[in-house]
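This is what each chain is made of:
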Amino acid sequence: MTTFSLNVPNFGTTLAEGSYGKLVQVCQSAEAAGFDRVLVTDHVVMGSDNSAYTWSAFPTEPDANWLEPLTVLAFVAGQTQTIRLGTGIVIAALRGGAVLAKTAATLDLLSGGRLDLGVGTGWQEREYEAAGMDFGKRGPLLDDALAACRALWSSAPASIDTPRLKFDDVYCAPRPSAGIPIWVSGSLSKAVVRRVATWGDGWIPIMGAVDDDLRVGIDVIGKAMADLGRDPAELQIRGRLTVVRGSDGSIDLLATMLGAEQLLESGATDVLVALAAVDPDPDAAMEEFGELVAAFAKVTR
């Protein structure tokens, strides 16, 4: 199934009007227009040095608001009905596997099974310091969190035994009846490939990945999944859509959807557009939602 997702900023001042009432309005408008999913992201704390963020200029000052993503999605869930609710990403290890499993399962239950849990390690050492964790072990810590989630969601009683985490004969309810899709973020390092192949229902390529990277990634991860007895065809792949504008500043739908076609031809199953890429003004962006969704629907027919 091909899906169209909207990245909504739960940080900074863009949607802060009315105590972030505009954020809810954007999500409701996305649902009404036919977007399949809204995504929010994560930072628990922020250091003053953001030089480790290498993909673009960091979007906020260190002391800007960063709303906790699962709390935001719980709030949005109560004011929407059908749109899926995703993290893109949440830094899973900072919450610990058991707490994350409980929080995510609760949100999934209350939203009617609409949660997509996108996870990653993050890039900022200060967040691990603040949580009393070793940034150098962020990969294994994420693995433990995912192993704990899967065990607690699927078994009663549940148990897990890794070099860093062990528990036995515990119950964690509610348990998601249909499971919660886990989307794993990262590059094509051996650790990320193994993590996606082991735990992932979806792969979120690192920002800036191009079509060829998607094709290579799908092949590499697909082989790793097959080696584990999993069907590579079941993996969902996220591609980031570039919004093209004409000389008058309006969205060039033809050129923009050509980019969507290229992503889909490269293997993407979910196409993501950022709210700010649609228009820096949220009200103007919402006016464009219907045209974007309709144009995307034509691409996927």
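Refer to the preceding data block for the structure.
Small disclaimer: the values here were computed from a predicted structure and weren't measured.

Cut-off values and rules
Residues numbered from 1 in each chain as written. Predicted model: local features only at pLDDT ≥ 70, side-chain atom pairs only at ≥ 80, totals over all residues. Heavy atoms only, no water. Helix = DSSP H or I, 4+ residues; strand = E, 2+ residues; numbered from the N terminus. Contact = heavy atoms within 4.5 Å. Buried < 20%, exposed > 50% of the residue type's maximum accessible area, 1.4 Å probe, protein only. Expected span 1.5 Å × (residues − 1). Arc of directions from axis to C-beta. Core = buried A, V, L, I, M, F, W, Y, C linked by side-chain atoms within 4.5 Å. Salt bridge = Lys/Arg side-chain N within 4 Å of Asp/Glu carboxyl O. Disulfide = S-S within 2.5 Å.

Novice: Which residues make up the environment of Glu288, and what are the values?
Specialist: In this fold, Glu288 is placed in helix α10 (residues 282–299). It is 9.3 Å that separates the C-alpha atoms of Glu288 and Ala33, two residues lying 255 residues apart in sequence. The residues contacting Glu288, other than those within four sequence positions of it, are Ile251 and Val278.

Novice: For the environment of Leu85, give the residues involved together with the corresponding values.
Specialist: Relative to the helices and strands, Leu85 resides in strand β3 (residues 84–87). Since its relative accessible area comes to 0%, Leu85 is described here as buried. Linking Leu85 and Ala52, residues 33 residues apart in sequence, is a C-alpha distance of 28 Å. With residues near it in sequence (within four places) discarded, Leu85 still touches Val38, Leu73, Val76, Ala77, Thr80, Ser111, Arg114, Leu115 and Asp116.

Novice: So what's going on with helix α3 (residues 97–110)? Residues and values would help.
Specialist: Taking 1.5 Å as the rise per residue, α3 with 14 residues should run 20 Å; its terminal C-alpha atoms sit 20 Å apart, in good agreement. Looking only at α3, the buried set comprises Gly97, Leu100, Ala101, Ala104, Ala105, Leu107 and Asp108. For α3, the angular spread of the buried residues around the axis is 165°, confining them to a single face. Of the residues in α3, the exposed ones pointing more than 90 degrees away from the buried face are Val99, Leu109 and Leu110. One or two residues past the end of α3 sits Gly112, with phi positive at roughly 75°.

Novice: An account of the nonpolar core is requested, with residue identities and associated values reported.
Specialist: Ranked by internal contacts, the top residues of the largest apolar core, which has 76 residues, are Phe4, Leu6, Phe35, Leu117, Val119, Trp153 and Phe289. When residues of this core are assigned to their parent elements, the largest contribution, nine residues, is made by helix α5 (residues 138–154). Core analysis: the next-biggest nonpolar cluster, separate from the first, contains six residues, Met46, Tyr53, Trp66 and Trp123 among them.

Novice: Tell me about the pattern of salt bridges, residues and numbers included.
Specialist: Taken as a whole, this structure holds 13 salt bridges when the rule is applied. For Asp270, the salt bridge goes to Arg37, with nearest N and O atoms at 2.8 Å. Taken together, the residues span a long stretch of sequence, with Asp270 in strand β11 (residues 270–274) and Arg37 in strand β2 (residues 37–40) at a distance of 233 residues. Residue class for Asp270 comes out buried when judged on its relative accessible area of 0%. Note on Arg37: relative accessible area 2%, which makes it buried. Asp201 is paired through a salt bridge with Arg150; the nearest N and O atoms lie 2.8 Å apart. Of this pair, Asp201 sits in the loop between α6 (190–199) and β9 (202–205) while Arg150 sits in helix α5; the two residues are 51 residues apart in sequence, bridging distant segments of the chain. Overall, the relative accessible area of 22% leaves Arg150 in the partly exposed class.

Novice: Describe in detail the state of the cysteines, supporting the description with residues and values.
Specialist: This model, assessed by the stated rule, comprises zero disulfides. Here Cys149 is not cross-linked by a disulfide; its sulfur's nearest cysteine counterpart is in Cys172, at 8.6 Å. Exposure remark for Cys172: the relative accessible area of 9% places this residue in the buried category.

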